[in-house]
Amino acid sequence: MDLRRLSISKPYSLYIPITRLLTHVTSTVKQQHDRHFEQPTPKPQPQPHTSPETCNQHLLKLVSSLLSNPSLDPSKCKPFMSNLCPQEFDRLFLAVRSNVNPKTALHFFYYASKTFKFRFTVRSCCLLIRLLLFSNLLSPARLLLIRLIDGQMPFLFANNQANRHVEITVAMVNLNVVAEPVIGVQVADLLIHVYSTQFKNIGFGHAIEVFSILANKGIFPSLKTCNFLLTSLVKANEVQKAIEVFEIMCRGVSPDVYLFSTAINAFCKGERIGDALGLFTKMEELGVAPNVVTYNNIIHGLCKNGKLDEAFLFKEKMVLTEVKPTLITYSILINGLIKAEKFDDANYMRKEMSSWGFVANEVVYNTLIDGYCKIGNIDEALKIRDDMVSKGMTPNAVTFNSLIQGFCKSGQTDHAKNVLEEMISSGLPINQGSYTSVVRCLCINSRFDSALRFIKEMLLRNLRPGDGLLTLLVGGLSKNGKHAEAIELWFRLVEKGFAVNTVTSNALIHGLCESGNMQEAVKLLKEMLQRKLVLDKITYNILISGFCKEGKLEEGFKLKEDMIKRGIQPDIYTYSLLLHGLCNIGKLEEAIKLWDESKRNGIGPNVYTYGVMIDGYCKADKTEEGEKLFNELISMKLELNSIVYNTLISAYCKNGNIAAAFKLRDDMRSRGISPTSATYSSLIHGMCKLGLVEDAKSLFEEMREEGVLPNVVCYTALIGGYSKLGQMDKVGIVLQEMASFNIHPNKITYTVMINGFCKLGDMKKAAELLNEMTEKGIVPDDITYNVFMNGYCKEGNVEEAFGVCDHMLSEGLSLDEITYTTLISGWKPSTFTNQE
């Protein structure tokens, strides 16, 4: 919009060219308007110039006599009402309009509608409204218009209900030809005001259409009504409509400072700051002096668009033109500076404001506090809070909510938690963001009990936690063994009507499966199905994974069939889980069949699936078949990983084929895949198995050169090699090296060393190691005790062996086949003889 072309030559001639027409309003209005003016209604009415001679003279006298009296005589209505049609009354009413007493006519309208169910035409009603306005009877006129619009009185409309506002407006416009022109402004005021207030629930569309029809016929509302309409549109955030309406207003109304200010505000809200500035210049050119509201609107628009320098120039200009800044002016500028993170300037403005005699209010203080909190400068925010308190102002909910964000941002979870608790106990309103921030911080710090308490507080206030937050909390509770609390929360959410999304439910199911609580996981799945919550592949895969880990393959396959029945197709991950489960329990043939099934279903295997099958073949001592799959994997040009290589390297090492293992190690290097600690632990174990312990020891230096730190598994393999050779003195050296790298022996390490001393017949040292591991909180298992028991049996000390057996039972360990075999082999004939 080129605002420089605006000019006023005489009153009501200000015209701002419309750059974007009211396309969503005026196009519809014009079509409807044209239909009213160009197309006849089903029952054409006489034009306004109808003369009394064309009407039934007898009826004319009756109606004239009836409606011209100071009061209505109902007894005179009945003789002619039964023979009078709405169109005929309309012609008679128009003919006698100059003699009508408006109050009597109004009484007649209500009486005839109620007693005779008479339906007056829209034009008759509009004519009466105009007569009432002419007699300064505004309230009855307004009420009658409302009854015409809302259908509480039976009026005869030609159009459907959706377009009645257009029909009413057109009828008013047509009557304007025969009535006093001054009434046109009053009619426009009444129509627009009623549609903008009494019927604002239907939006401002009708009010704008009414305004457009009137404007197209040169009828404009008063300046006061123009201001009211424009302000209403801006308040309702109908910014674009407000701009378009203002452009039309300027065709017939000379804007005052209030209308200009409202329009400037609309331009600023609509992010048309250039047009706002142009309009500001134009109003000055027209001699309309901007007031403080005008300046504040411009300054706010500039700050909102990040043009702080220009905003301050306008602030200086208003001072030069003797327009005194207000508290709002300074609040706008401070807010703009805070958003631009110019905190020093914002504080300077606060001091300048005081020099003008303005006392910063809660809004100004909260703006500063919120700004510092958003950048994590909680210390400065607290200083502002203290200054606020010293000025006699009490921090409110806005202050506390900002401080909570600041504490969370600066990692001060306890302070944030304390502020939130204080707000709860004080009954202050808490926004959802404050709860979310505190709960997230608590979850990150694994303080799930406190987090859960605040979530329950949210639910009491009917605030629904976000899906991401719920997933974080439910997952955290599950991982920390608080399954009952997680399940209770899930059900509480459902009971509150807050649908739990699939991701959150999956997090809970995953936690239950990870802890081996498959029974509860299945119960939750059934609840989800009963409540018709959405399940996805992830839900089923989590459950299948849980059952496979427990070796319950049958349950896993049942779930696979169930997901197919529900229209959820198994993916490569589903098949991989089941394949891995089958391979783990040695059912290789069934795994091969499932592998073929996945291919038939168009689910191409990936490197992970190949890895599972290669591992299955290796565990079944079919390394050659594993090699074939490995070569097939290479030919498919799938991206390899260390896991696939490590699987085959481990198999070669167990079979004593160290050369093939090292060849694979070199091949993975050539493909840019770095060997891992698992790679080296397999190689070390394989070399030690062949008695090449010193060669295995040299691999530790190679690992470190490649940036791979040896772990407890690597050292345990080396200790196993020395123990096998009976070189327990070198085991001690390895333990010292482990300690220097802060690597501690585990259960397997101790078991290997105990076995080494038992083989040497040093049961005293073996017993010392057993005590040492228990003192360190490492619980021996049945393998450890079997090794220890076997040492006693070889020494012929069966009684000590049985003592170990009794200790195993007291610890709740089951006696396996190895235990019994060890004890039986320890019983020699001499033992029976001695006992006898």
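Rules of the game
- Residues numbered from 1 in each chain as written.
- Predicted model: local features only at pLDDT ≥ 70, side-chain atom pairs only at ≥ 80, totals over all residues.
- Heavy atoms only, no water.
- UniProt positions renumbered as here; feature names shortened; annotations may be inferred.
- Phe/Tyr/Trp six-rings, centres within 6.5 Å; stacked < 30°, edge-to-face > 60°.
- Buried < 20%, exposed > 50% of the residue type's maximum accessible area, 1.4 Å probe, protein only.
- Lys NZ or Arg CZ within 6 Å of the ring centre and 35° of its normal.
- Axes fitted to C-alpha atoms, helices over the stretch in contact; angles between N-to-C directions.
- Helix = DSSP H or I, 4+ residues; strand = E, 2+ residues; numbered from the N terminus.
- Parallel < 35°, antiparallel > 145°, perpendicular 65-115°, else oblique.
- Left-handed = near helix turned anticlockwise from the far one by under 90°.
- Contact = heavy atoms within 4.5 Å.
- Nonpolar A, V, L, I, M, F, W, Y, C, P; charged D, E, K, R; others polar.
- Core = buried A, V, L, I, M, F, W, Y, C linked by side-chain atoms within 4.5 Å.
- Salt bridge = Lys/Arg side-chain N within 4 Å of Asp/Glu carboxyl O.
- Patch = residues over 30% accessible without salt bridge, like charges linked within 9 Å, V, L, I, M, F, W, Y side chains within 5 Å.
- Areas by Shrake-Rupley, 256 points an atom, 1.4 Å probe, with all protein chains shown as cover.
- Lys, Arg positive; Asp, Glu negative; His and termini not counted.
- Charge placed at Lys NZ, Arg CZ, Asp CG, Glu CD.
- Expected span 1.5 Å × (residues − 1).

Within an unreviewed UniProt entry, the label attached to the protein chain reads Pentatricopeptide repeat-containing protein, and the organism entered is Acer negundo. As its UniProt record puts it under Sequence similarities (unreviewed entry), the protein chain is described as follows: "Belongs to the PPR family. P subfamily."

Chemist: Help me understand the packing of aromatic side chains, please; the structure alone is not making it clear to me.
Modeler: Using the criterion set out here, one finds 23 aromatic pairs in the structure. Ring geometry for F118 versus F120: centroids 4.8 Å apart, planes at 70°, classification edge-to-face. Accessibility classification places F118 together with F120 in one group, the buried group. Clustering of aromatic rings is evident, with ring pairs tying together F89, F93, F108, F109, F118 and F120. Above the face of the F454 ring, R453 is positioned so that its terminal group lies 4.9 Å from the ring centre. For the cation-ring pair, K697 lies above F700, with the distance from its terminal atom to the ring centre recorded as 5.9 Å.

Chemist: Help me understand the packing of helix α29 (residues 537–549) against helix α30 (residues 553–565) in this model?
Modeler: Each packed pair of helices is defined by two parameters, the angle between the axes and the distance between the axes. Running from amino to carboxyl end, α29 crosses α30 at an angle of 165°, the nearest separation of the two axes being 7 Å. Regarding the angle of α29 to α30, the classification is roughly antiparallel. By crossing handedness, the relation of α29 to α30 is classed as left-handed. Taken together, the residues of α30 that come into contact with α29 (itself represented by K537, Y540, L543, I544, F547 and C548) are L553, E555, G556, L559, K560, D562 and M563. Classifying every residue of the contact of α29 with α30 gives eight nonpolar, one polar and four charged.

Chemist: Explain the nonpolar core here, please?
Modeler: Among soluble globular proteins, nonpolar side chains are generally buried collectively. Within the largest apolar cluster, 263 residues are counted, with the highest numbers of intra-cluster contacts made by F89, F93, F108, I129, I168 and I684. Top element by residues in this core is helix α6 (residues 122–134). It accounts for nine residues. Setting aside chain neighbours within four positions, we find I168 in contact with V122, C126, L145, L148, I149, F157, L191 and Y195.

Chemist: Whenever I open this one, the packing of helix α15 (residues 292–304) against helix α16 (residues 308–320) confuses me. Can you help?
Modeler: Two elements in contact, α15 and α16, have axes whose closest approach is 8 Å; the angle formed by their N-to-C orientations is 165°. The orientation of α15 relative to α16 falls into the category roughly antiparallel. Relative to α16, the crossing made by α15 is left-handed. Here V292, Y295, I298, I299, L302 and C303 of α15 come into contact with α16, specifically with L308, E310, A311, F314, K315, K317 and M318. Across the contact of α15 with α16, the residue classes break down as ten nonpolar, no polar and three charged.

Chemist: Would you take a moment to explain the pattern of salt bridges for this structure?
Modeler: Should the charged atoms of two oppositely charged side chains come close, the side chains can pair. Under the definition given, this model contains 43 salt bridges. Between D90 and R123 there is a salt bridge whose closest N-O contact spans 2.4 Å. Taken as a pair, D90 in helix α4 (residues 86–95) and R123 in helix α6 lie far apart in primary sequence, 33 residues in all. Residue D90 is classed as buried on the basis of its relative accessible area, which comes to 2%. Look at the salt bridges and you will find they share partners, linking R665, D666, R669, E702 and E706 into a network.

Chemist: Is there a simple way to explain the side chain of S64 in this structure?
Modeler: With respect to the helices and strands, S64 occurs in helix α2 (residues 57–68). Taking relative accessible area as the criterion, S64 reaches 18% and is therefore assigned buried. Contact partners of S64, with chain neighbours within four places excluded, come to V96 and N99.

Chemist: Looking at this model, I keep getting lost on unusual backbone geometry. Mind explaining?
Modeler: With the exception of glycine, most residues fall at negative phi, and the peptide bonds are largely trans. Positioned with a positive phi, E271 is a non-glycine residue whose angle comes to about 60°. Along the chain, E271 turns up in the loop between α13 (257–269) and α14 (273–285). In this structure, E341 takes a positive phi of about 60° despite not being glycine. Mapped onto the secondary structure, E341 falls in the loop between α17 (327–339) and α18 (343–355).

Chemist: Honestly, a positive patch on the surface in this entry has me stumped. Any pointers?
Modeler: Residues K654, K689, K724, K759 and K794 make up a contiguous surface patch of positive charge. Turning to its location among the elements, K724 is positioned in helix α39 (residues 712–724). Taking relative accessible area as the criterion, K724 reaches 53% and is therefore assigned exposed.

Chemist: I tried to follow the environment of Y258 on my own but got confused; where do I start?
Modeler: Tracing the chain through its elements places Y258 in helix α13. Not counting residues up to four positions away in its chain, the partners in contact with Y258 are N227 and N291.

Chemist: Explain the environment of G466 to me, please; I cannot follow it from the model alone.
Modeler: Residue placement: G466 occurs in the loop between α24 (448–460) and α25 (467–479). Through-space distance from the C-alpha of G466 to that of Q432 is 9.2 Å; in sequence the pair is 34 residues apart.

Chemist: Where do I start with α17 in this structure?
Modeler: In an α-helix, one full turn covers 3.6 residues, which means residues spaced three or four apart are oriented alike. An ideal rise of 1.5 Å per residue puts 18 Å on 13 residues; α17 measures up with 18 Å between its terminal C-alpha atoms. Structurally, α17 contributes buried residues whose contacts are with α15, α16, α18 and α19 (362–374). In the stretch just after α17, E341 is the one whose phi turns positive, near 60°.

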